[in-house]
Amino acid sequence: MDLSYTPEEEEFRARLREWLAKVLPGLPPKPSPDDWPGRRAYDLGWQRMLYDAGYAGLHWPADAGGRGATPTQHLIFLEETENAGAPYVGANFVGLLHAGPTIAAEGSAEQRARWLPPVLRGEEVWCQGFSEPDAGSDLAALRTRAWRDGDDYVVSGSKIWTSHAEVADWCELLVRTDAKAPRHRGISWLAMPMDAPGITVRPLRTLAGSTEFAEVFLDEVRVPVANRVGEENDGWRVTMVTLSFERGTAFVGEVVACRRVLGELACEARKNGRWDDALLRRRLGRLNAEFRALWRLTQWNVSESERSGGVPGVGGSVFKLRYSRARQDLYDAAADVLGPEALDLDSRWTLDRLSSLSYTIAAGTSQIQRNIVAERILGLPKGR
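What you see as residue numbers is a count from 1 along each chain, following the sequence as written. Totals for whole chains, interfaces and linings use every residue, but because this is a predicted model, local features are given only for residues with pLDDT of at least 70 and side-chain atom pairs only at 80 or more, for both listing and counting. Hydrogens are left out, water is left out, and the side-chain values use all remaining heavy atoms of the structure.

A. Up close: the overall build of the chain. Helix and strand definitions follow DSSP, with helices as H or I runs of at least four residues and strands as E runs of at least two, each counted in order from the N terminus. On a plain count of helices and strands, the chain comes out with eleven helices and eight strands. Here the analysis covers contacts within the chain between residues at least 6 apart in sequence; of these, 72% occur between residues at least 24 apart. Note on areas: these come from Shrake-Rupley sampling with a 1.4 Å probe, and a residue is covered only by the protein chains present in the view. A total of about 18100 Å² of accessible surface is found on the chain, and carbon and sulfur atoms cover 52% of it. Contact definition: two residues touch when any of their heavy atoms are within 4.5 Å.

B. Here's a closer look at helix α1 (residues 7–23). Helix length check: α1, at 17 residues, gives a terminal C-alpha distance of 25 Å against a target of 24 Å (1.5 Å per residue), a fit within 8%. Under the scheme applied here, a residue whose accessible area is under 20% of the maximum for its type counts as buried, over 50% as exposed, and between as partly exposed, the area being computed with a 1.4 Å probe on protein chains only. Buried within α1 are the following residues: Glu9, Phe12, Arg13, Leu16, Trp19, Leu20 and Val23. End-on, the buried residues of α1 take up no more than an arc of 130°, which puts them together on one face. More than 90 degrees from the buried face of α1, the exposed residues found are Pro7, Glu18, Ala21 and Lys22. Working rule for helices: expected span equals 1.5 Å times residues minus one. Arc, as used here, means the arc of the directions from the helix axis to the C-beta atoms.

C. Fine view of unusual backbone geometry. One non-glycine residue, His164, lies in positive phi territory at about 60°. Tracing the sequence through the fold places His164 in the loop between β3 (152–159) and β4 (170–176). Phi is positive for Asn233, which is not a glycine, with a value near 70°. On the secondary structure map, Asn233 appears in the loop between β8 (228–229) and α6 (235–248).

D. A look at helix α7 (residues 252–272). Helix length check: α7, at 21 residues, gives a terminal C-alpha distance of 31 Å against a target of 30 Å (1.5 Å per residue), a fit within 8%. Among the residues of α7, those classed as buried are Val252, Gly253, Glu254, Val255, Val256, Ala257, Cys258, Val261, Leu262, Leu265, Ala266 and Ala269. Just downstream of α7, Gly273 is the residue with a positive phi angle, here 90°.

E. Molecular detail of the nonpolar core. Put simply, buried Ala, Val, Leu, Ile, Met, Phe, Trp, Tyr and Cys residues joined by side-chain atoms within 4.5 Å make one nonpolar core. Counting residues in hydrophobic clusters, the biggest one holds 40 residues, and the most contacted among them are Trp19, Trp46, Tyr55, Phe77, Phe291 and Leu330. Where this core is concerned, the elements lending two or more residues are α1, α2 (36–53), α3 (71–83), α7, α8 (278–307) and α9 (315–338). Here this core gets nine residues from one element, more than from any other, and that element is α9. In contact with Trp46, not counting residues within four places along its chain, are Trp19, Leu20, Val23, Leu24, Leu27, Ala86, Pro87 and Tyr88. Counting residues in hydrophobic clusters, the runner-up holds 25 residues, among them Ala99, Ile103, Ala104 and Trp126.

F. Structural detail: the packing of helix α4 (residues 93–106) against helix α5 (residues 109–121). Only the stretch in contact is used when a helix axis is fitted, and all axes are lines through C-alpha atoms; the angle between N-to-C directions ranges over 0 to 180 degrees. For the pair α4 and α5, the least separation of the axes is 10 Å and the interaxial angle reads 155°. The angle between α4 and α5 falls in the class roughly antiparallel. In this structure, α4 crosses over α5, and the sense of that crossing is left-handed. In this structure, α4 uses Gly95, Leu96, Gly100, Ile103, Ala104 and Ala105 to contact α5, whose residues at the interface are Gln111, Arg112, Trp115, Leu116, Val119 and Leu120. Think of it as three bins: nonpolar holds Ala, Val, Leu, Ile, Met, Phe, Trp, Tyr, Cys and Pro, charged holds Asp, Glu, Lys and Arg, and polar takes everything else, Gly as well. In the contact of α4 with α5, the residues fall into eight nonpolar, three polar and one charged. What sets the label is the angle itself: under 35 degrees gives roughly parallel, over 145 gives roughly antiparallel, 65 to 115 gives roughly perpendicular, and the rest give oblique. Should the near helix be turned anticlockwise from the far one by less than a right angle, the crossing is termed left-handed; should it be turned clockwise, right-handed.

G. Spatial organisation of the packing of aromatic side chains. Ring pairs shown here join Phe, Tyr and Trp side chains whose ring centres sit within 6.5 Å, with only the six-membered ring taken for Trp; geometry is labelled stacked below 30 degrees between planes, edge-to-face above 60, and tilted in between. Applying the stated criterion to the full structure yields eight aromatic pairs. When the ring of Phe12 is compared with that of Tyr55, the centres are 6.2 Å apart and the planes differ by 65°; the resulting orientation is edge-to-face. Of the two residues, Phe12 is situated in helix α1 and Tyr55 in the loop between α2 and α3; the sequence distance between them amounts to 43 residues. Taking the relative accessible area as the measure of exposure, Phe12 reaches 1% and is therefore buried. Among the residues examined, Tyr55 registers a relative accessible area of 8% and is labelled buried. Each ring, one from Trp115 and one from Trp170, has its centre 5.5 Å from the other, and the planes form 70°; the classification is edge-to-face. Of the two residues, Trp115 is situated in helix α5 and Trp170 in strand β4; the sequence distance between them amounts to 55 residues. You'll find Trp115 and Trp170 in the same group, each marked buried.

H. Local environment of empty space enclosed by the protein. Both site types are read off a 1 Å grid over the protein atoms alone. A 1.4 Å probe that fits but cannot get out defines a cavity, while an open set with protein on both sides within 12 Å along at least five of seven lines defines a pocket; lining residues have an atom within 4 Å of a point. Grid points are joined across faces, edges and corners, and a volume is the space filled by probe spheres set on the points. Applying the stated criterion across every chain yields a total of two cavities of 30 Å³ or more. Its volume calculated, the largest cavity comes out at about 370 Å³. In terms of lining residues, the largest cavity is bounded by 25 residues, among which His74, Phe77, Leu78, Val89 and Leu97 are the most central. Of all elements in the fold, only α2, α3, α4 and α7 reach the threshold of two or more residues within the lining of the largest cavity.

Such coordinate-based values are descriptive only and should not be taken to indicate function.
Written as structure tokens, this is what we have:
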């Protein structure tokens, strides 16, 4: 693993910092957390600024509309934008971090030309239709059916925890196209237009009061066969590509954010007298070591990605497993530092703490990540 940066990479970092310092002060105020149309417009506006400046799809291949930058340059981009307080990808994280890279890796030339440019230009939003109410963490147990009718698939079923479905234009959708095949082999990956007849979206309110998730009900929705990415019944393999991006690089910026939050907590502890507690100092020190190690693990995963052509490997599951726990530990420590302030429902600390509880579930539960690590990294036999 090479943890050093080349002169070219440091030059890229300097140019990016200069650009961020110039444009960030001119951004409009962020919309209300409950204003999803406003948040969509804000997030896509920022994406358009990135596109115009040449930073959109930085690590995507050049023939997919990106800059063909190295994974290390992408890591620098995520680090610098987070440190500068730049907007997150927000409502279009599925398009930019999951669906887009999957289509770039697995889609046909026509599919890449149709779907990738609007994502990069900040014109279309994607959501993810993977999880189902009756499947839980066992994604291969999905029951949403799709059967051929001429040039279309006819899709019926339901999905849950579909992020930003109410403002999405497209959905990366997993469907069962062969009910008789072994369950991992009868699945296909479709791009479904969210304005198709037969789609009902019902927002779900989270513990923190937000509605970024939804249930999606599909009643004989027609999706063109041309919208299938990969071969019919080969969707599980395509899905593993999607999940490698979701677990491999999608949380990188959040590690930087957690390191910044930890620094804020240490400063607050010094102000309010909690720093005199040796146990608390030791706890914050351990978290500092934890997030430094996670950053090094991120760099290792990026090095591996560079050697494998840009697709993250199963090391992303190791990162996701440990990061999920560390983030919860961070906000538990925040409660000790802040005292009663941590219970204020209008405080960002409270909302972030509630949000942290979801990380051992989102992007594959910790139990699933342990199975992946055990079977695909350690080579242990499958449990019975």
